[in-house]
Amino acid sequence: MATRLDSSAWRPIHTRIATALGIGWMLDAFEVQIIGSVIPGIQEEFGLDSTQSVWINIVWFGGIALGALGFGYLADRIGRKRLFVATLILYSVAALATAAAPDYTLFIVFRFITALGVGGEYSAVTSAISEFTPARNRGLSNGLVMSFWAVGGILASLVSIVVISTLGLTWRYTLLFGVISAAYGLAARRLIPESPRWLASKGRLDEADKVVTSITGIVSANGYNDTAGTSTGRSRLHELWTNYRGRLFFGMALDFSEAAGYYGLFTAVSILVFSASTGAVPVDDGVLPYYFLIANFGALAGGIVVSFALDRLGRKPTVTFSYTAAAVSMIGCALAAATGSATVVLVAFTIAAFFATCAWVSAYPTFSELFPTRLRATGIGASVAVGRIGAIIGQVVLAVTATAWGVGIMFGILGLFWLIGALAGVIWWTFGTEARGVPLEELAGARGDPMGTRGAAGAGGAGGAAGAGGAGGAGGRRAEGLSVKLP
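Residues numbered from 1 in each chain as written. Predicted model: local features only at pLDDT ≥ 70, side-chain atom pairs only at ≥ 80, totals over all residues. Heavy atoms only, no water.

- Labelled according to an unreviewed UniProt entry, the protein appears under the name MFS transporter, originating from Cryobacterium fucosi.
- Of the protein, the UniProt comment under Subcellular location (unreviewed entry) reads exactly: "Cell membrane". (UniProt positions renumbered as here; feature names shortened; annotations may be inferred.)

Structural data, given as C-alpha cells:
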C-alpha cells in the first residue's frame, strides 16, 4: 500500500533510485548548458547572423515545451520508467547527430529533437521521485535530485574549459559527450523500478505490491489495495483544467517565472554583460567558462540549502521567500554591472545563481506533488511547456530592453519575472495546501477543489494533522490495510 511508502524508513534503495534519477537530470543539464559555451564556434563555422543565432534558443525552448507536454502525457499512460529511459536515449542520440550536423539546417533539426527528449525528462524525473520517497523526506529528496542540475552545469563548464580552451578542439567534440547519456540510459533500466503508485493507477496491484515491498522491506497481508483512480476517456489536460485548475495555474506561474528569470539571468550575463564584443563589462571568451563554473557552484549550494528547507520550513514559505530573494538579487546584479568591475559582477552573479536555484528547485517538488498520480506527469509537462514560453519571451524582452534602455533596466525586468513566482507563492500560501509531510494520496484533493484547500483532509502546517482515515502522526498516515479511492 501507499502508506508503506510514506511510513518507511529511508533505505539504501531510496538512495539508489534518487541518485539514478539525479544522474539522468545532471546529464540533461549538461546538454542544456554546454551550448552556451560553444555558440561562438557554431556561429563561426556556419556563418550565422544574429537572427539565426537567436533561433537556436527559440527552437530549443520550443522543443522542450513540446517534449514536456507530449512525453508527460505518455508518462501517465505507459509509465515513468519507460519514459525516463526512452527520453534519455532519444536526446543523447540526437545530441550525437547534432555534433555531426553538416549544415545549419540539420543542426537545428537535431537540436530540436534533442530538446524533445530533454523536455520529456522534466516530466519523467520529477513525477518519479515524488512517488517513491516517504512523505516526510519527499521535499528533501526531490530537491536534491533537482540540484543535480547544477552539477551538470559544473560538468559542462569543465568540459568546455578542457575541450575548447585547453585542447583547442571544436564545439563538435563537446556534444560527443552525449554518448555517455546513451550508455547511462541503458544502465538506468536496471537501477529504477516502475512507480508503484503509477502501477496501482493502472490496476496492476500485484506488481505495485512487489515494488513497494522491495523498496520498503514491509510486507502487507492485504497487498497493495490502494488505487489511484483509473483515467476516464476524457483528455488528461481537460481533467486537469476542470478539476485542478488552481494547481495547474500555480505550476504554470512558478515555471513561467523561473524559466524566464533563470535562463534570462544566464543569457543576460553571458551575452549582454560579459560578452567580449558587446558586453557592458567585457571579458575574454576563454575566461567566461571559468565564471560560469563559479556561478554553478553557487547554484549547487542554493539547491542543497533549499532542499532541506522544503521539509523543515514547509513548501509555502520556502517557495515564496526563494522567489522574492531571486527578484531582489537582480538589483544586486544591476548595481554590480554599473561598477564596471568583472569581479564585482561575478560575485553578484554567483549570489543571484544561488537564489535563482533556490527558487526553481523549490518549485518542482511543490507543484508536482499536488497533481493526482494518473495526471502528475501531464500536469508537470503542461507547467514546463508554459515555462519554456516564458524562457523565449524573457530572452527576447531582455535583448530589446538592454538595447533600448541599458543593462540596469534589463535586470529590473528580470526581477519582475521572478516576482510573478513570488506572487503565486503568496496566493498559494493564503489559499492552498501545505504539503510538507502529507501523503500524495491526501494531496490529490477532491474534485472541484482547484486550490486544494480540502485536499489534505485537515493536514497543514508542520507535517499535517490526522488524515481522512483517522490516523494521526506525521503526514496523516493511514493504518495499513485501509483502501483509499482517489479522485
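Now that the structure is up, let's keep going.
### Describing the side chain of Glu-194
Working step 1: Residue position: Glu-194 is located in the loop between helix H8 (178-191) and helix H9 (196-201).
Working step 2: Nearest to the buried, unbridged Glu-194 among oppositely charged side chains is Arg-80, at 5.5 Å.
Working step 3: Of the polar contacts made by the side chain of Glu-194, one reaches the backbone nitrogen of Arg-80; its length is 3.0 Å.
Working step 4: A polar side-chain atom of Glu-194 sits 3.3 Å from the main-chain amide nitrogen of Lys-81.
Working step 5: Non-local contacts of Glu-194, meaning those with residues more than four positions away in its chain, are made with Ile-78, Gly-79, Arg-80, Lys-81, Arg-82, Phe-132, Leu-199 and Val-211. (Helix = DSSP H or I, 4+ residues; strand = E, 2+ residues; numbered from the N terminus. Buried < 20%, exposed > 50% of the residue type's maximum accessible area, 1.4 Å probe, protein only. Lys, Arg positive; Asp, Glu negative; His and termini not counted. Salt bridge = Lys/Arg side-chain N within 4 Å of Asp/Glu carboxyl O. Polar contact = N/O pair within 3.5 Å; in protein donor to acceptor, adjacent residues only side chain to side chain. Contact = heavy atoms within 4.5 Å.)

### Remarks on the nonpolar core
Working step 1: Of all hydrophobic cores here, the largest spans 116 residues; its most connected members are Phe-84, Leu-265 and Phe-411.
Working step 2: With near-sequence residues (within four places) excluded, Phe-84 lies in contact with Ala-20, Leu-21, Gly-24, Glu-121, Ala-124, Val-125, Tyr-184, Ala-188 and Ile-192.
Working step 3: Within the second largest apolar cluster, 20 residues are counted, among which are Ile-39, Ile-42, Ile-56 and Ala-101. (Core = buried A, V, L, I, M, F, W, Y, C linked by side-chain atoms within 4.5 Å.)

### With respect to helix H10 (residues 205-216)
Working step 1: Given a rise of 1.5 Å per residue, twelve residues ought to cover 16 Å, and the 16 Å separating the end C-alpha atoms of H10 matches this to within 8%.
Working step 2: Remark: Gly-217 follows H10 within two positions and exhibits a positive phi of approximately 75°. (Expected span 1.5 Å × (residues − 1).)

### So, the packing of helix H11 (residues 236-243) against helix H12 (residues 245-273)
Working step 1: H12 packs onto H11 with a crossing angle of 105° between their chain directions and a minimal axis gap of 5 Å. By the angle between their axes, H11 is roughly perpendicular relative to H12. Here Leu-240, Trp-241, Thr-242 and Asn-243 of H11 lie close against H12, whose contacting residues are Arg-245, Leu-248 and Phe-249. (Axes fitted to C-alpha atoms, helices over the stretch in contact; angles between N-to-C directions. Parallel < 35°, antiparallel > 145°, perpendicular 65-115°, else oblique.)

### Describing the packing of aromatic side chains
Working step 1: Within the structure shown, the criterion is met by 25 aromatic pairs.
Working step 2: Between Phe-30 and Phe-177, the aromatic rings sit 6.0 Å apart at their centres with planes inclined by 50°, giving tilted as the arrangement. With a gap of 147 residues between them, Phe-30 in helix H2 (residues 12-46) and Phe-177 in the loop between helix H7 (171-175) and H8 connect regions that are remote in the sequence.
Working step 3: Taking relative accessible area as the criterion, Phe-30 reaches 5% and is therefore assigned buried.
Working step 4: The ring of Tyr-73 has Arg-236 lying over it, and the distance from NZ or CZ to the ring centre is 5.1 Å. (Phe/Tyr/Trp six-rings, centres within 6.5 Å; stacked < 30°, edge-to-face > 60°. Lys NZ or Arg CZ within 6 Å of the ring centre and 35° of its normal.)

### Focus on the environment of Val-347
Working step 1: Looking at the secondary structure, you find Val-347 in helix H15 (residues 342-368).
Working step 2: For Val-347, a relative accessible area of 46% gives the class partly exposed.

### Details of the pattern of salt bridges
Working step 1: Tallied over the full model, the rule gives 15 salt bridges.
Working step 2: Among the ionic pairs, Arg-80 bridges to Asp-76, the shortest N-O distance being 2.6 Å. By the burial criterion, Arg-80 is buried, and Asp-76 matches it.
Working step 3: Linking Arg-197 and Glu-441 is a salt bridge whose minimum nitrogen-to-oxygen distance equals 2.7 Å. Linking Arg-197 in helix H9 with Glu-441 in helix H18 (residues 440-443), this pair joins segments that are 244 residues apart in sequence.
Working step 4: The buried category is assigned to Arg-197, whose relative accessible area is 1%.
Working step 5: Each of Asp-76, Arg-80, Glu-131 and Arg-376 takes part in one network of salt bridges that share partners.

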